[in-house]
Amino acid sequence: MSRYIIKRSIHAVITLFVVSIVVFMIVRLSGDPVLLLVPDEAPAEDYEEMRKLLRLDEHITVQYVIWMRQVLTGDLGESTTQRLPVATLIIERFPATLQLTALAFAFTLLIGLPIGVYAAAHRGGALDFLARGFAVFGQATPNFWMGIVFIMIFAVWLGWLPAAGREGGIKFLILPAVTIGWFPVAGVMRLTRSSMLEVLNSEYVKLARVKGVRESLVLWKHAFKNAALPVLTYSALIIVFMVRGSVIVETVFAWPGVGRLVLEAVYNRDFPIVQAVVLLFATFFITANLMVDITYAYLNPKIRYS
Amino acid sequence: MQNRLGLNRLLLRKARAASVSDAAPMQPTPLDDAIAVSHKRKLHLIPIIPMAVVGFLIFLAIFANFVSPHDPKRSNLTDSLTPPFWVEGKVITIAGQDRVTPAGSMDHVLGTDLHGRDILSRIIHGTRIAVLVSGFVLLIATTIGVTLGVVSGYFGGKPDAIIMRMVDIFLAFPPLLIAIVFSVVYEPSFRNVIIVISAFYWAITARQVRAEALAIKQQDFVTLARVAGASNLRIMVKHILPNVFPTVLVITTLQVGTVIIFEASLSFLGVGIPPPNPSWGVVVSEGRDQLQTAWWISLFPGMAIVIAVLTMNTLGDWVRDRLDPMMQHL
């Protein structure tokens, strides 16, 4: 087991390293940030001086090493347009994204798990049919359009909820959170349902039923506890999915989170912010994947030795 | 002699697919029962509808010029913000003055946008973009993915390790973010959208194909082919490739919908297909500022996306169930 963990961890680190290089390269290719900082009519010396100041005159590998060394010590550089440390900017925006993700995640589990269990217990029933229909639609609907439709219905038409922004309480959170959660709910539901069906078919559940254990107890205590395992590992990936999807949903709802920060930074060609956020998201994703893999390997020895 | 086991498997699948398609209520075999238990049969009749829809979408894509009632890019400000045909004009009061909002007409069935461009025509031409993008992406991604997947699975060892590490890396990128960054580096264009999206999809295909190739490689007919003196290339092309084909078909069909959503998302964010080209995502984003007054601009192209993706997913599910019941985890 420990060999497997070490092997997978090394892979993760290599992946992360390559990701960091690629991120660094792509961002460097995206145009000259100095041109945005120095006015057009400025003399050439100013331009050169700015290049030196940002250390853009060094060889690209040197720039990478400088950047990496800073990143490893927690210094994510300084935003070229806002003249503030990137770390500060991210920390400033992060709570907004976190709030959104947390609520969306809670929404996903609160809706997805019970419906999935119920659908499995009453296979072929009306709710099962509805749940599967919902899952099918959930997978076919793009995030951004779902958000817009929610705005049309609940903000414009019914006037119940605000359409955009963040100032003023939980009301502002509901639409974006539901929009982010929409797709994962479908996933959790399907996974819970199929996992429950599998468990409900097993011998020990049959035994419990034969012994006359109450159906709700069989469902929730005997079956659900085991069926929930794949769903739990899956939820690690859901969080990653949500954080990634935040770029789109934060754009739709003008939500001032990290996703919007990075999109704005891309438009302004603000290299350090883009680098930092992409690297952050990638690290997050790779770590989550590593954890899922290790959990699976722990649960299933077959994977460990393959 | 050649490839007997694999051939049998393929024939079996073909036979099963054929027998199902011409006689709808057939005797359930034990295999079908197994599928029904895990997946709930509802698919006997269904492929007719999605296939018709896909055919229709492809028809629209090819004949967009003839089918669409207007030029999707020509603006006509006198028609600005015309609602769909069933909406009647309303009297609204703006700054103390009574004004009548334009009424819908059959001239613009689904209404017009701010520039007076016909929404229906834009959606129809958007179909062309969606079909072309997903077609090209899957052609590129599948070609690369299958080649590398087969090589990786067949040879194992070093090449396998390198290719799979590459796959890991490509799958570790946050796709949307990288795509956004890319689109800013290289001006958004039709070609760049295809390149960016393909860069992510080949990895998914390669991983699946590799697993399949690994299993096939261990079967007797491959060993026999090798004993008979077939070269590596010949084994891969003649023996492994035909046998991974069903898997590839399933993956590809299931990917179409996600490619469409990916392209639409990029275009929505303004880093995909550049406006004024009527990608569905572009049209949805153009309606974003008019949600209060002109809901139809964003609503209808989004519906087009949902219909297209839903259709492809249904078809993908069906192909998967028909070709390979073992792959239902996909």
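Along each chain, residues carry numbers from 1 onward, in the same order as the chain's sequence is written. Working convention: letters from A go to chains and numbers from 1 go to ligands, in the order in which they are written. Restriction of local features to residues with pLDDT of at least 70 applies here, the model being predicted, together with a cutoff of 80 or more for giving and counting side-chain atom pairs; totals for whole chains, interfaces and linings are based on all residues. Neither water nor hydrogens contribute to the side-chain values; these are computed over all heavy atoms in the structure.

Counting secondary structure elements, chain A contains 13 helices and zero strands. Taken over the C-alpha atoms alone, chain A extends approximately 85 × 60 × 30 Å along its principal axes. Exposure was quantified through the Shrake-Rupley algorithm and a 1.4 Å probe, taking into account, for residues, occlusion by the shown protein chains and nothing else. For chain A, the accessible surface area stands at approximately 15300 Å², while carbon and sulfur atoms represent 67% of it. If you average the places of the 27 positive and of the 21 negative side-chain charges in chain A, the two averages end up 21 Å apart. Numbering of helices and strands starts at the N terminus; helices are DSSP runs of H or I of at least 4 residues and strands are runs of E of at least 2. Asp and Glu are treated as the negative residues and Lys and Arg as the positive ones, with His and the ends of the chain left uncounted. Charged side chains are reduced to one point each, which is NZ for Lys, CZ for Arg, CG for Asp and CD for Glu.

Working rule for contacts: check all heavy atoms of both residues, and any pair within 4.5 Å makes them a contact. With 41 residues of chain B in contact, the opposing surface of chain A contributes 45 residues. A pair is scored as a salt bridge if a Lys or Arg side-chain nitrogen falls within 4 Å of a carboxyl oxygen belonging to Asp or Glu. Our enumeration of links across chain B and chain A arrives at zero salt bridges. Polar contact is the term for a pair of N or O atoms within 3.5 Å; when the atoms are in protein, one must be able to donate a hydrogen and the other to accept it, and sequence-neighboring residues count only if both atoms are side-chain atoms. Linking chain B with chain A are four residue pairs in polar contact (both at pLDDT 80 or more). Of all elements in the fold, only α6 (157-172), α7 (175-185), α10 (232-269), α11 (280-286) and α12 (296-323) of chain B reach the threshold of two or more residues within the side of chain B that touches chain A. Just so you know the grouping, Ala, Val, Leu, Ile, Met, Phe, Trp, Tyr, Cys and Pro go in nonpolar, Asp, Glu, Lys and Arg go in charged, and all remaining residues, Gly too, go in polar. Tallied by class, residues from the side of chain B that touches chain A come to 30 nonpolar, six polar and five charged.

Another aspect to go through is helix α5 (residues 119-155) of chain B. Helix span, as expected, comes to 1.5 Å for every residue beyond the first. Taking 1.5 Å of rise per residue, the 37 residues of α5 of chain B would be expected to cover 54 Å, and the 52 Å separating its terminal C-alpha atoms lies within 8% of that figure. One or two steps after α5 of chain B, the chain reaches Gly 156 of chain B, where phi turns positive at roughly 65°.

According to the domain assignment, chain A consists of domain 1 (2-72) and domain 2 (90-267). Each of domain 1 of chain A and domain 2 of chain A has a C-alpha centre, and the two are 37 Å apart. Those domain boundaries reflect an automatic or database domain assignment.

Among all residues save glycine, negative phi is the norm, and among peptide bonds the norm is trans. The omega torsion across Pro 275 of chain B and Pro 276 of chain B is 10°, close enough to zero to call that bond cis. Position of Pro 276 of chain B among the secondary structure elements: in the loop between α10 and α11. Despite not being glycine, Ala 254 of chain A shows a phi value in the positive range, around 50°. With respect to the helices, strands and loops of the structure, Ala 254 of chain A is situated in the loop between α10 (215-252) and α11 (258-267). For Ala 254 of chain A, a relative accessible area of 30% gives the class partly exposed. Residue burial is assigned from relative accessible area. The probe radius is 1.4 Å, only protein chains are included, and a residue is buried under 20% of its type maximum, exposed over 50%, and partly exposed in between.

Residue and element names in this part refer to chain B. Mapped onto the elements, Arg 117 comes out in the loop between β2 (97-100) and α5. For Arg 117, a relative accessible area of 7% translates into the label buried. Those residues within four positions of Arg 117 in sequence are excluded, and the remaining contacts are Pro 72, Lys 73, Arg 74, Ser 75, Gly 111, Thr 112, Arg 122, Pro 276 and Glu 286.

Cavities and pockets are found on a 1 Å grid laid over the protein atoms alone: a cavity is a set of points where a 1.4 Å probe fits but cannot escape, a pocket is an open set with protein on both sides within 12 Å along at least five of seven lines, and a lining residue has an atom within 4 Å of such a point. Grid points are joined across faces, edges and corners, and a volume is the space filled by probe spheres set on the points. Its boundaries defined by the atoms lining it, the second largest pocket holds a volume of some 540 Å³. Its residues assigned to classes, the lining of the second largest pocket comprises 14 nonpolar, four polar and three charged.

All names here are of chain B. A cluster of nonpolar side chains, contributed by Phe 56, Ile 58, Phe 59, Ile 62, Phe 63, Phe 66 and Val 67, occupies part of the molecular surface with about 700 Å² of accessible area. For the nonpolar patch, the elements supplying multiple residues, two or more each, are α3 (48-62) and α4 (64-67). Structurally, the position occupied by Val 67 is in helix α4. Note that patches include only residues with greater than 30% relative accessible area and no salt bridge, and the join distances are 9 Å for like charges and 5 Å for nonpolar side chains (Val, Leu, Ile, Met, Phe, Trp, Tyr).

Every angle, taken between N-to-C directions, lies between 0 and 180 degrees, and every axis is a line fitted to C-alpha atoms, over only the stretch in contact when it is a helix. It is at 10 Å that the axes of helix α7 (residues 143-157) of chain A and α12 of chain B come closest, and there the two elements cross at 140°. Taken together, the axes of α7 of chain A and α12 of chain B are oblique relative to one another. The handedness of the crossing between α7 of chain A and α12 of chain B is left-handed. Each of Phe 144, Trp 145, Ile 148, Val 149 and Met 152 of chain A in α7 of chain A lies in contact with α12 of chain B, whose residues at this interface are Ser 298, Leu 299, Gly 302, Met 303, Ile 305 and Val 306 of chain B. Among the residues forming the contact of α7 of chain A with α12 of chain B, the class breakdown is nine nonpolar, two polar and no charged. Each angle receives one of four descriptions, namely roughly parallel if under 35 degrees, roughly antiparallel if over 145, roughly perpendicular if within 65 to 115, and oblique otherwise. Crossings are classed by handedness, with left-handed meaning an anticlockwise turn of the near helix from the far one by less than a right angle and right-handed meaning a clockwise turn.

Taken as a whole and assessed by the stated rule, the structure comprises three cavities of 30 Å³ or more. Roughly 40 Å³ of volume is contained in the second largest cavity. Looking at the lining of the second largest cavity, its residues break down into seven nonpolar, one polar and one charged.

Another aspect to go through is helix α8 (residues 190-217) of chain B. Here α8 of chain B contains 28 residues, and its C-alpha end-to-end distance of 39 Å stays within 8% of the 40 Å for a straight helix at 1.5 Å per residue. The angle between axes fitted to the seven residues ending at a residue and the seven residues starting there is what we call the bend at that residue. When the local axis directions of α8 of chain B are compared, the greatest deviation, roughly 30°, occurs at Ser 198 of chain B.

Quick look at the nonpolar core now. By convention a nonpolar core is built from buried Ala, Val, Leu, Ile, Met, Phe, Trp, Tyr and Cys residues, the set being connected through side-chain atoms within 4.5 Å. In terms of nonpolar packing, the biggest core is built from 141 residues, with Phe 144 and Met 196 of chain A together with Val 133, Ile 197 and Leu 269 of chain B touching the most fellow members. Of all the elements, α10 of chain A adds the most residues to this core, at 15 residues. Once you skip the residues sitting within four places of it in the chain, Phe 144 of chain A turns out to touch Ile 248 and Val 252 of chain A together with Ala 264, Ser 265, Phe 268, Gly 281, Val 284 and Ile 305 of chain B. Counting 15 residues, the second largest nonpolar core, distinct from the first, contains Ala 225, Met 236, Val 244 and Val 248 of chain B.

A separate point is the packing of aromatic side chains. Stacked, edge-to-face and tilted labels apply to pairs of Phe, Tyr and Trp rings (six-membered ring for Trp) whose centres lie within 6.5 Å, assigned for plane angles under 30 degrees, over 60, and everything in between, in that order. In total, this model carries 16 aromatic pairs over all chains according to the counting rule given. Both rings, one in Tyr 154 of chain B and one in Phe 155 of chain B, keep their centres 5.2 Å apart while their planes meet at 75°; by these two values the pair is edge-to-face. Since its relative accessible area comes to 4%, Tyr 154 of chain B is described here as buried. With centroids separated by 6.2 Å and ring planes inclined at 40°, the aromatic side chains of Phe 200 of chain B and Phe 262 of chain B adopt a geometry described as tilted. Of the two residues, Phe 200 of chain B sits in helix α8 while Phe 262 of chain B sits in helix α10, which places them 62 residues apart along the sequence. When sorted by exposure, Phe 200 of chain B lands in the same class as Phe 262 of chain B, which is buried. Of the aromatic side chains, those joined through ring pairs into one cluster are Phe 134, Phe 150, Phe 154 and Trp 182 of chain A.

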